[in-house]
Amino acid sequence: MHPILEGQQLATRRSFFGKAGMGAMALQSLLGANNFPNFAPKAKRVIYLFQHGGPSQLDLFDYKPNLAKLSGTELPDSVRQGQRLTGMTAFQTGFPVAPTVFKFSPQGKSGTYLSELLPHTGKIADDIAVIRSVHTEAINHDPAVTFCQTGFQLAGRPSIGAWISYGLGSENQDLPAFVVMVSQGKGGSQALADRSWGSGFLLTKYAGVKFRSGTDPVLYLSNPAGYEPAARRRFLDDLAALNEHKLREYQDPEIATRIAQYEMAFKMQTSVPELTDFSKEPDSTFDLYGPDARTPGSYAANCILARRLAERGVRFIQLFHRGWDQHGTLPRDLRLQCQQTDQASAALIQDLKNRGLLDETLVVWSGEFGRTVYSQGTLTPTNYGRDHHPRCFSLWMAGGGIRGGITHGETDDFSYNIASDPVEVHDIHATMLHCLGVDHTKLTYRFQGRHYRLTDVHGRVIRPILS
Amino acid sequence: MRTILTSILLASSAWAQRLEFNRDVRPILSDKCFACHGPDAKTKGIPLRLDIEADAKADRRGRFAIRPGQPDDSEIIRRVRASQPARRMPPAATGHTVTDAEVATLRRWIAEGAEWQAHWAYIAPKVQTPPATSSRWPRNGIDHFVLARLARERLTPSVEASPETLLRRVTFDLTGLPPTPPEIDTFLRDKSPQAYEHAVDRLLASPRYGERMAARWLEAARYADTNGYQFDGERQMWRWRDWVIEAFNRNQRYNDFALEQLAGDLLPKPSLNQLIATGFNRNHRGNTEDGIVPEEYAVEYVVDRVETTSTVFLGMTLGCARCHNHKYDPLTQKEFYQFFAYFNNVPENGRAMKYGNSPPYIPAPTAAQQAELAQREKAIAAERDFLRRHESAISAAQRGAEARWFPSTGLEYHWKPGQPAETKEAGGFDIGGHFTLAAHIKTPNPPTGALISRMVNTPQGKGYGLYLKDGRVHVHLTSNYVNDAIRVDTERKLEPGREYEIAVTYDGRVAAAGVQVYVDGQLEPVKVSQDTLYRPFVNAGAQFKEPLRIGAGGGPANKFGGEILTARIYNRVLPPEQVAALAGVKRPEFARAAFLESAAAPENVRQSWLKLQRLIDEKERFERTFPTVMIMAESPQPRPAHVLLRGAYDKPGEPVSPRLPAVLPPMPAGVPNNRLGLARWITSPENPLFARVTMNRFWQMYFGTGLVKTVEDFGTQGEWPSHPELLDWLALEFVRSGWDVKAMQKLIVTSAAYRQSSKVTPELQERDPDNRLLARGPRFRLASEMIRDAALHASGLLHESLGGPSVKPYQPAGLWKEISMQDMDYVESSGRDLYRRGLYTFWKRTIAPPMMVNFDAANHESCTVRESRTNTPLQALNLMNDVTFLEAGRVLGQRMLKEGGQTTGQRLSYGFRLATGRQPSPVEARVLAGSLAYHLDYFSSDPAKAKPYLHQGLSKPDPALPATDLAAYAAVGNLLLNLDETVTKE
């Protein structure tokens, strides 16, 4: 065989999903990219805990003790300033202020105020940086999630995980660089879309691979019933013999790549089940992550899996937990939602820390927007709803590159507008890339004549939260 | 993207000749300089433009950016080489640098005189004479250009591919499916010089050709079966998809094909097909989310039309000028919105319908339905004829009776005093229903209260109702009182204490325009106070616990205080004259109807009359089963268009009217300046882009890459063509042929360039990895739908049937449910619909069919014209373990056993041939035999394994075959479907 082909075959046998896994097409796309990281990274990987639906900042992070006495009063026009509302409350006759029914208290040495709904997060308060002044452009779920995931409200651009796997590739050649998991919440669930982890105009190999609970953690992973690994091995040997015969005749390197990808598929048939098999996890793990942790597909189980993926060097791990869209009966539903997520989110931080992985793993907890201070629907002393609110929301970040125990940014007295240190979604992206050692202005891809960026023409690194 | 490899490739030929601005220099200036010194320079306050010759060469107090012949005196050379960071261009912040090779090119070009050229794509194709050659290789004009380029590169073409390889290649390329063994045998037997051409003609005549061509067009046209965005409910555009298939199959001229899709509705007396064609620009996504601001999305829909239209037909990235002037091409933001204005007049709402199509749309019966409709109309005519022939007998019998007549067809409930005022047996209509509610009443004082309703019994309840409200007749259809309802009121006020015959009809069009209100048989003018109905009542319909109420509905306060003398509920829309009959209007034809329905009429005549009524009713019901399709339409009042500042819907700037970008040739004289005029201009031979862009896309289908690799971008950032003269020649051939699409496909596939073997040498692979020079034939992985189609075809499972509603083949369970709104789950099709061709697979935008996604299908969210291919382990898993390929493997194995012959070798060869179109070599035959032997042993050593292995898919294994034999053949069948060659066009 010609040395080029041999070299290529060797290369593809070693590396599959990452930036080195290349057929002729892939090779070209790589030559267009810059070399990353641009500077020494603080984090090697990201775990992004996406809370889908719009968690209420007012009931979780953004402490507004003075609102209590304004309960039921009309939101002043001076605050609203004629900003647009969604079609769900735009026709509402009044906008009564709905203070949270939940108690806040300072947590940890840092004294970060957190809601009673987040007792476990309280225990990691000194590890996380809470940002209370994030704002977004979109007011509805689909464009807002698309914006958080791709930096643009309309479909078509690569997701952040795809950008990162395109730029940095994988640390683990046996697993995808970008893994996604979805869990179901207790509240009203809005739809997600595959494009949230899609590759946009990048090659599809950079798209997130969805891991699911059940017998096929990755689509089509399992052999059919009755077909054992030994048979599959023989099958692959015969297939390789036929494909190599073809390669000798045609010398097309794509054939070599294909042979290698079948080997990779075979390896995944072992490595993925090993990864998703929790039987060797000690009871202490399940105790740490909480009662749902033994239920496959739950948020808690996905958090354990996220840690296991992090241990194996997967570059970008993203969880989507649905059900944060509390338009009505918020006090009841938000409590349920937090019961499902609070302990596991905190446990993940603790677990990574115990294993010495937190310093090199960036963890982000965020939804796509916040919720209104005024009640959607009738306000009673114990019940209210909240509509979508893009003008401010809260999130937290922790781990590699992040200074723990701080809060950043402030909103006004009504948690309606931002009072200081506004943070855009593009800034979050720029900061995430920065922690990974990537200059967000340099991670570009040329498409339709333009050099596209995750942060478009925006994005500033949020320096005050960096360690 | 212009890669380094391609640059080397293009440069290698460039150095042999004089430098050319468009080929060698413009790409550098565009990519490195235009973002600041380009069309948008003025907004940034930058005085120098390098995209305009006069400006670039201007004397600026003795200094020149570009001074022809004087590279050392040209500021541009000094600046790109400046050592001081502050002077160096491009500035570091841009992230761009000019390479040494690029500086050398600029220097040399300036030294050679700095000759400027207008951007090649914006000027008309030049008439090209195919370069002469003494070689006997060329078969048609294409080959002369290819050969001349190869000669320049000191390369030679490859030999012709083997007949089997060639037939398989062209069969995939023209029909999307592999050839059958008999087709291969026929081809191999045909020794005439025209054998290949005959095969091509046969393939072009096959209806599969239209399906093949349509598959790529659907991606360009972002066709899908759902609305996209969040809720992503189903829509119905398959009639448009079928129109596309049919248009390719009847070889519609391409200019008409484009024109009808852009503006078929504006043609004089457009046919049904011409209206369906306009679905092209309604294929964009539609947002149905509750909370949206409709105006925001109304803008997005128009922007999508602009981007799709300009990408597909013009190869222009017009969308880049949405928020600011284009950074590279001479397009201003204002020009974007002037183009936008052509597509801005559709009478549509920014909030799309949650379920089904959003207005405007039309019923679009299929050919079969049109035929059946004609039959029904014939039957109706026959009954009418019968009655006409008996006219004198009827007249004699009727003796001038003047009885009142009430329409009885479709009457669901006839209420009279004393009967229950609530029933669940009638009135179960939803927002797509057709109905008539009629009541003869005496008004109370004040004239207010509910007459007929079926709704939640609260003031703003969900459902429908006919009320009197402050004297006015009020009709509502309500899913959500706040933002999801229709409400209309008559302008006229009724008086208290008087008798009226009130009737309202609703024709299911989910718009206030579908509501008609009559008082005493007269149509009343109405005021529409709400016209935003999106969601069905669902649980307020037939299944609903609330009954139909007479004289009530909408809460106790709304109970009718007057008198209802009679009420009728029909499940159809009564025509005006029948409403008049209800009101007691006396006309001879009503008297006739009353008589014919009575026992007094002659029995045969009465039967004929009743049959006629039934036939008419059945025909109306039949018409309601017609699929619909969203179409383009023009509002009588053009919607004002503005420049939108930074592209935002709520920041309108200067008003604009429709106009073409100045960089392109003007509209032909005499065409209207509207969408139709635009379509005529786009499709005219004077348009320098239309034919080139189209031929380039065709080329990509065969060779994997366009002559211009950036098929979506012919602007200054687009790639310089690998064969510019050939592209011009092809464009002009296309025009000369009368836009004959089939002729162009034939031209390409009968060229010697196309017929070459795709074997490559390591040297050539290194020199030209993308095969841009065409020293070999195309070899690349099949498109996603072809991989599945070919597997189904090889096994014989493929069910070929042209068109129809989309189908849902196998898909791993739960994919929809996991991330869609909770009530949506994927319901697999049954029977033969599991085995239709891939272009009929139901495409849900937010959760696309996973196999298609694995194999790089376009996303169908927005226009995609560039083909891309990856090679991943997920694809390997897909082919090995997806039930589709396991079942196809088993049926292929079964076919080997039953049809393949007597010996193992014959059977394996047969299967190999079904998958690859050729006989296996001895080496391959040996591997296959070894694999079969292994699997026979594997399954017979533990027969319990065979049963589950055979149990894949809904088709049943042949019980007559021994399970272990079949399982072993099934495994080999699946192996064959996994071969690189099987999934590759070679």
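Owing to the predicted nature of the structure, the values given are computational and were not obtained by experimental measurement.

Asker: I keep staring at helix 13 (residues 254-263) of chain B and nothing clicks. Help me out?
Answerer: Because each turn of an α-helix spans 3.6 residues, side chains separated by three or four positions in sequence point in the same direction. The buried fraction of helix 13 of chain B amounts to nine of the 10 residues, a majority that puts the element mostly inside the structure. Along helix 13 of chain B, the positions that sit buried rather than exposed are Tyr254(B), Asn255(B), Phe257(B), Ala258(B), Leu259(B), Glu260(B), Gln261(B), Leu262(B) and Ala263(B).

Asker: Can you walk me through helix 36 (residues 963-978) of chain B in this structure?
Answerer: With 16 residues, helix 36 of chain B extends 22 Å between its outermost C-alpha atoms, agreeing within 8% with the 22 Å of an ideal straight helix rising 1.5 Å per residue. Counting buried positions along helix 36 of chain B gives 14 out of 16 residues, so the element sits mostly inside the fold.

Asker: Just checking my understanding: could you explain the nonpolar core for this structure?
Answerer: Nonpolar side chains in soluble globular proteins generally cluster together in the buried interior. Grouped together as the largest cluster of nonpolar side chains are 311 residues, with contacts concentrated most on Val46(A), Val363(A), Val364(A), Met397(A) and Phe340(B). Among the domains, domain 2 (214-363 + 637-687) and domain 5 (782-986) of chain B are the pair contributing at least three residues each to this core. What Met397(A) contacts, discounting residues up to four positions off in sequence, is Ile128(A), Ala129(A), Leu362(A), Val363(A), Val364(A), Ile402(A) and Ile465(A). Residues Ala485(B), Phe537(B), Phe560(B) and Ile564(B) belong to the second largest nonpolar core, which totals 62 residues.

Asker: Which parts of the structure should I look at to understand the sheet that holds strand 14 (residues 563-570) of chain B?
Answerer: Hydrogen bonds between backbone groups are what pair the strands of a sheet, and the pairing can be parallel or antiparallel. All names here are of chain B. Spatially, six strands are ordered 2-14-4-9-10-11 in an open sheet, and the strand pairing comes out antiparallel. The open sheet has two edge strands, strand 2 (411-415) and strand 11 (522-523), and neither has a second partner. Bridging between strand 9 (residues 499-506) and strand 10 (residues 515-519) involves five bridges; their strand directions are antiparallel. Looking at strand 10, one finds that threonine 505 is bridged to glutamine 516.

Asker: I would appreciate a short explanation of the packing of helix 23 (residues 690-703) of chain B against helix 25 (residues 741-749) of chain B in the present structure.
Answerer: Between two packed helices, what matters for the description is the angle formed by their axes and the separation of those axes. All names here are of chain B. Their axes nearest at 11 Å, the elements helix 23 and helix 25 cross at an angle of 45 degrees. Relative to helix 25, the element helix 23 is oriented oblique. For helix 23 against helix 25, the interelement crossing comes out right-handed. Of the residues in helix 25, those touching helix 23 at Met695, Phe698, Trp699 and Tyr702 are Met744, Gln745, Ile748 and Val749.

Asker: Just checking my understanding: could you explain the environment of Met353(B) for this structure?
Answerer: All names here are of chain B. Mapped onto the elements of the fold, methionine 353 is located in the loop between helix 16 (333-340) and strand 1 (361-363). Residue methionine 353 is classed as buried on the basis of its C-beta count, with 22 C-beta atoms lying within 10 Å. Separated by 215 residues in the primary sequence, methionine 353 and arginine 568 place their C-alpha atoms 30 Å from one another.

Cut-offs and rules
Residues numbered from 1 in each chain as written. Chains lettered and ligands numbered in written order. Predicted model: local features only at pLDDT ≥ 70, side-chain atom pairs only at ≥ 80, totals over all residues. Buried ≥ 20, exposed ≤ 12 C-beta atoms within 10 Å, placed from the backbone. Helix = DSSP H or I, 4+ residues; strand = E, 2+ residues; numbered from the N terminus. Expected span 1.5 Å × (residues − 1). Core = buried A, V, L, I, M, F, W, Y, C linked by C-beta atoms within 7 Å. Domains from an automatic or database assignment. Contact = placed C-beta atoms within 7 Å. Pairing = 2+ DSSP bridges. Axes fitted to C-alpha atoms, helices over the stretch in contact; angles between N-to-C directions. Parallel < 35°, antiparallel > 145°, perpendicular 65-115°, else oblique. Left-handed = near helix turned anticlockwise from the far one by under 90°.

This is a description of form; function is not addressed.
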